[in-house]
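Read off the chains here:
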Amino acid sequence: MEGGSVKENGFFYGYTSWTIDAITCQAVGGLIVAVVVKYADNILKGFATSISIILSCLASVWLFDFQITRLFTVGTFLVIYASYTYGREEASLHKPTALPITTADSGDDEINNKAHHK
């Protein structure tokens, strides 16, 4: 197996430029996602998600000779639409509001206070 070779030659034994590029791409992508999640609003997050889907699709066509099918296109548009509707500001405005919490004896105190002040 490769364990002996890695012990002899070091952790990075067998890494190619493609391996380093893939690791770098994932690391940079993770940092970008962290920044977007921390500092961006929902609209920007929706745009970032949609653009990442489109760019990933284009990169797959160019790098892997991916053939875009109708089903893939429909799925892509559904994900983009879902990202858009999830991040809409109006959607957050229609959240149910909490009812005020009252105790059963709170009404009795008002009745006793009114009777006492007469």
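Throughout this document, residue positions are counted from 1 along each chain, in the order its sequence is written. Totals for whole chains, interfaces and linings use all residues, but because this is a predicted model, local features are given only for residues with pLDDT of at least 70 and pairs of side-chain atoms are given and counted only at 80 or more. Excluding hydrogens and water, the side-chain figures rest on all heavy atoms present in the structure.

**Student:** Is there a simple way to think about the overall build of the protein in this case?
**Tutor:** Per the convention used, a helix needs a DSSP run of H or I reaching at least four residues, while a strand needs a run of E reaching at least two, with both numbered from the N terminus. Summing up its helical and strand segments, the protein has six helices and zero strands in all. Starting at the N terminus and ending at the C terminus, the protein contains elements arranged as α-α-α-α-α-α. Per element, the accessible surface of the protein, about 10700 Å² overall, is 66% carbon and sulfur. Using a 1.4 Å probe, the Shrake-Rupley method yields the accessible areas, and only the shown protein chains count as cover for residues.

**Student:** What's the story with the layout of surface pockets in this structure? I'm lost.
**Tutor:** The rolling of a water-molecule-sized probe over the atoms marks out the regions of remaining empty space. By volume, the largest pocket amounts to about 670 Å³. With a 1 Å grid laid over protein atoms only, a set of points is called a cavity when a 1.4 Å probe fits there but cannot get out and a pocket when it is open yet has protein on both sides within 12 Å along at least five of seven lines; lining residues have an atom within 4 Å of a point. Lining the largest pocket are 20 residues, and of these C25, Q26, G29, S52 and S56 sit closest to its centre. Of all elements in the fold, only α2 (17-39) and α3 (42-64) reach the threshold of two or more residues within the lining of the largest pocket. The dominant element in the lining of the largest pocket, judged by the number of residues it contributes, is α2, at 11 residues. For the lining of the largest pocket, the per-class residue count stands at 13 nonpolar, five polar and two charged. Grid points are joined across faces, edges and corners, and a volume is the space filled by probe spheres set on the points. Throughout this entry, Asp, Glu, Lys and Arg are counted as charged residues, while Ala, Val, Leu, Ile, Met, Phe, Trp, Tyr, Cys and Pro are counted as nonpolar. The remaining residues, Gly among them, count as polar.

**Student:** I'm lost on the environment of T49 in this one. Help?
**Tutor:** One can find T49 in helix α3. Throughout this description, buried means an accessible area under 20% of the type-specific maximum (1.4 Å probe, protein chains only), exposed means over 50%, and partly exposed covers the range between. Under the relative-accessibility criterion, T49 is labelled partly exposed at 33%. Residues T49 and Y84, spaced 35 residues apart in sequence, show a C-alpha to C-alpha distance of 9.2 Å.

**Student:** I'm lost on the confidence of the model for the protein in this one. Help?
**Tutor:** How sure the predictor is of each residue is captured by pLDDT, a score from 0 to 100. For the protein, mean pLDDT is 77; residues scoring 70 or higher make up 73% of the total. Per-element confidence in the protein ranges from a low mean pLDDT of 55 for helix α6 (residues 106-117) to a high of 88 for α2.

**Student:** Is there a simple way to think about a nonpolar patch on the surface in this case?
**Tutor:** Patch definition: residues with relative accessible area over 30% and no salt bridge; like charges joined within 9 Å; nonpolar side chains (Val, Leu, Ile, Met, Phe, Trp, Tyr) joined within 5 Å. For this analysis, a salt bridge means a side-chain nitrogen from Lys or Arg found within 4 Å of a carboxyl oxygen belonging to Asp or Glu. A contiguous nonpolar patch, built from I43, L44, F47, I51, I54, L55 and L58 and spanning about 690 Å² of accessible area, is present on the exposed surface. Inspection of the secondary structure assignment puts L55 in helix α3.

**Student:** Help me understand the packing of aromatic side chains, please; the structure alone is not making it clear to me.
**Tutor:** Stacked, tilted and edge-to-face are the three classes applied to pairs of Phe, Tyr and Trp rings, where Trp contributes its six-membered ring and a pair requires centres within 6.5 Å; stacked means planes under 30 degrees apart, edge-to-face means over 60, and tilted covers the rest. This model, assessed by the stated rule, comprises four aromatic pairs. Geometrically, the ring pair formed by F12 and Y15 is edge-to-face, given 5.3 Å between the ring centres and 90 degrees between the ring planes. Residue classification places F12 among the exposed positions, given a relative accessible area of 61%. Exposure remark for Y15: the relative accessible area of 30% places this residue in the partly exposed category. Among the aromatic residues, those joined into a cluster by ring pairs are F11, F12 and Y15.

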